[in-house]
Structure formats: C-alpha cells, structure tokens
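# Structure assessment
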Amino acid sequence: MLGRLARLDTSRYIVYVGFLAIFAFFALALQGDGFLTRSNLVNIVQETAPITVMAVGMVFALTAGEIDLSIGSVVAISALVAAVTMQNHVWELGVVAGLAAGAAIGLMNGALVAYLRLPSFLVTLASMGLLAGVGRWLTNLRSIPVTDPTFTGMFGAGSLFGVPSLVIWTIAATITGHFVFRESKFGAHVLATGDNHRAARAAGIGVDRLRLGVLVISAMGAALAGLLYAGRLYGARYTLGDSDLLTVIAAVIVGGTRLNGGTGSVVGALIGSLLMGMLNNGLILMGLTVAEQMMVRGLIILVAVATTLREKRS
C-alpha cells in the first residue's frame, strides 16, 4: 500500500524532473550556441504561447473523457475570421468575431457529442476536415494581412512593463485555467465525470451540459491561439494550426493528463508545452531536421501514453 502511494506521488513530478533533465542537457550541450541567453528563453515561451493556450483547453476536454481533434482547424478559422473582419472594422470587432467563431464551433461539436451521443473523437475528426475546407474556401487560399498596431501589440509583438504580450497570455491562461480546474465546482465536476460518468450523473452532475462545456472551452482556447498567431505573424492563413494537434496532445499527456479521463493538470500542461517548445528549440540549435524533430516528439508521446495507461491499470 505504501509502495503504491509512493509510486503515485512520484508520478506527479515526472514531467518536472524530465523538464529539468532536458533543460540541463541542452544547457550543457549548447553552451556556445545561445540556448541559455535571455532572448532565446523568452522566445521559447513566446513560440509556445498558442500551444499553451490550446493545451489548457484540452486539459478540460481530456479530463472529462472527451477529445477535440478540430483545434488546428479552429485556429485557422478564427484567425481568418478575425483578419477579414478587421479589414473593414475596428480591431475589437475582429477579436469578438474570431472568438465567436471558436465558440460556435465548440457549441456545434459539444451539441453533437452531448445530445446526440456521438463520440467526440469522430465528431471533432469530421469537423476538423470540414473546417479545413471552409478555411481554404473562405479566402480562396489567400493570406489576409493584419496591420492594426493595437491588435498586433496586444496579441503578438507588444509588451507590458517590459513583459512580452505572448508571455502575459501564457501566464493568464495558465492561472485562469488552473483556478477553474482546481478551485471551482465546474472543475470538480469535470474530474468526477471523467473518472466515472455514470456515478457523476447519479450524483446530480449535469454530464451532458458539462460535455458541451469542455468542448466549448477547448474550441475557445484554439480560437484565442488563432488570434495570437495572427498578432505575431501580422496575418492569417488557412495553414495556421495545421501541425499543432500532435504538439498540444503531447504537451497535455506529458503534463499528467490521462487520455481516458479522470486526471488532469493545467500546470503540468504548461510545463509539457514548454518542454515541447524547448525540445524544438534545442533540436534546431543542434542541427536536427524537421523529420527528426517529429520523430522525437512522436517517441515522447508514445512513452507518455504508455506510462499513463500503465498507471491507470495499476
């Protein structure tokens, strides 16, 4: 019994130990390549800001026993809707339009899952393909520039008291997500539903509304990530978010959230996101190709999934 408790307690800190170990490895291996410079470390946080925001939303979905495969397409749609709106209207309306697009997609996915009892895997897989087509049709494969300085400053290249705006969004998303997940009734219901949805329903938890809610949260996180991409890149394109799904899922799973629900960690998702960003940064500095970076990420996901499933069975 004591051995099992010790094993469970230790497992909570695997991501932190792994993060420190990989950080130490790159710090030693890349001493003369600028890895430890302030600008490079800040750049890692900025590069991973959209991933972190999406990872926070994905924690809610996975912990509740659902999954959202459409986040990459939501990123592109929200960024494009915001960019197109800002061409003829104020930037505030563009932000509202982009977030509203994400909310509408989340409501569509959530309603199909919660009230038609369709598997979230299949629903979001289908919406991923549908939205990818819509993104290409919406602007006829054209990039849409974003030139409003207020928007790009707030969602991309700006700073507040010397702190880059993307770092601020990372901190804000993590703090907000952690508070809701750990300190609110909604977060407790997410954990209970993911652990045993039948018991949660018997306890009076609105499981259907909760399933709808977590998919809306996931889509809204992806919508905000789309705005962050548009702000940093000064434009939107249908390819935004195409390769993010694997990275987000890796960050969340490595951070301690189980694929089959019942356990999650927003802070762990942050560390997982930074870990993936640090890996990309370090491997690039070491001269690895994109294909080699993808193989390393895939290996990490495989190990993380095997570890969490083994822990669940024990």
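Anyway, here's the lowdown on the structure attached to this text. Nothing here was measured: the structure is a model prediction, and the numbers come from that model.

## Points about the overall build of the protein chain
- If you tally the helices and strands in the protein chain, you get 14 helices and four strands.
- Radius of gyration (C-alpha) of the protein chain: 19 Å, near the 20 Å computed for a compact globule of 314 residues.
- By its C-alpha atoms, the protein chain is 60 × 55 × 35 Å across when sized along the principal axes.
- Counting across all 314 residues of the protein chain, residues that qualify as buried make up 49%.
- Relative to all contacts within the protein chain whose residues are 6 or more apart in sequence, the contacts with residues 24 or more apart total 77%.
- Accessible surface for the protein chain amounts to roughly 14700 Å². Of this, 67% is attributable to carbon and sulfur atoms.
- Between the averaged position of the 20 positive side-chain charges in the protein chain and that of its 14 negative side-chain charges there is a distance of 9 Å.

## Regarding the layout of surface pockets
- If you add up the space inside the second largest pocket, you get close to 540 Å³.
- Taken together, 22 residues make up the lining of the second largest pocket; nearest its centre are Glu47, Ile51, Tyr229, Asp244 and Asn280.
- Residue composition of the lining of the second largest pocket, grouped by class: seven nonpolar, 11 polar and four charged.

So, how was this worked out
Residues numbered from 1 in each chain as written. Predicted model: local features only at pLDDT ≥ 70, side-chain atom pairs only at ≥ 80, totals over all residues. Heavy atoms only, no water. Helix = DSSP H or I, 4+ residues; strand = E, 2+ residues; numbered from the N terminus. Rg over C-alpha atoms; globule rule 2.2 N^0.38 Å. Buried < 20%, exposed > 50% of the residue type's maximum accessible area, 1.4 Å probe, protein only. Contact = heavy atoms within 4.5 Å. Areas by Shrake-Rupley, 256 points an atom, 1.4 Å probe, with all protein chains shown as cover. Lys, Arg positive; Asp, Glu negative; His and termini not counted. Charge placed at Lys NZ, Arg CZ, Asp CG, Glu CD. 1 Å grid on protein atoms, 1.4 Å probe; cavity = no way out; pocket = protein on both sides within 12 Å on 5 of 7 lines; lining within 4 Å. Points joined across faces, edges and corners; volume = space filled by probe spheres on them. Nonpolar A, V, L, I, M, F, W, Y, C, P; charged D, E, K, R; others polar.

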